[in-house]
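Residue strings, one per chain:
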Amino acid sequence: MAAIEALNDKSGSSKSSISKHIELAHGGLPAAHSTLLAHHLNRMKQNGDPVMVRNHCMKPDPNAPPRKGRGRPPEPEVPFPPGTVLTPPRPSCHPLKPRNPYALVSPPKKVSSGSGKPRGRPP
């Protein structure tokens, strides 16, 4: 934000101009400086700190209305009065059949050796 404020461009500051300003101000930066700058600008954009207009960052207008989130807002949760007993949630599928421990176990099926060729049309 300090670099955006220092540049104070009317149409906003591009990533390259912000990067050059930080490089001049702080000197020896790591090799991944451009990646880190892009990451932090995206995080700041999510918080609403800089306003992005045509890939240029600008300071947000203090008189601007707050940004609204996308989609339908969540309904507020109503707290239950004390002493309310909650029922357990219903299962989402059919209950499994109980296994009979005395049932005979069928032997595994044998895999036929056949001709050794794979099934289907060759590629």
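Residues numbered from 1 in each chain as written. Predicted model: local features only at pLDDT ≥ 70, side-chain atom pairs only at ≥ 80, totals over all residues. Heavy atoms only, no water.

Going by the annotation in an unreviewed UniProt entry, the name recorded for the protein chain is H15 domain-containing protein, with Vitis vinifera given as the source organism. UniProt, in its Subcellular location (unreviewed entry) section for the protein chain, records the words "Nucleus". (UniProt positions renumbered as here; feature names shortened; annotations may be inferred.)

*Asks:* Looking at this model, I keep getting lost on the side chain of His33. Mind explaining?
*Replies:* As for its placement among the helices and strands, His33 is situated in helix α3 (residues 33–47). Its relative accessible area of 13% is what places His33 among the buried residues. In contact with His33, other than residues within four places in its own chain, are Ser19 and Ile22. (Helix = DSSP H or I, 4+ residues; strand = E, 2+ residues; numbered from the N terminus. Buried < 20%, exposed > 50% of the residue type's maximum accessible area, 1.4 Å probe, protein only. Contact = heavy atoms within 4.5 Å.)

*Asks:* Got a minute to help me understand the nonpolar core in this structure?
*Replies:* Here is a general trend for soluble globular proteins: nonpolar side chains tend to be buried in one another's company. Ala3, Ile4, Ile18, Ile22, Leu37, Leu41 and Cys57 form the largest nonpolar core, which has 7 residues in total. Secondary structure elements with two or more residues in this core: α1 (2–7), α2 (15–26) and α3. Setting aside anything within four residues of it in sequence, one finds Leu37 in contact with Lys15, Ile18, Ser19 and Ile22. (Core = buried A, V, L, I, M, F, W, Y, C linked by side-chain atoms within 4.5 Å.)

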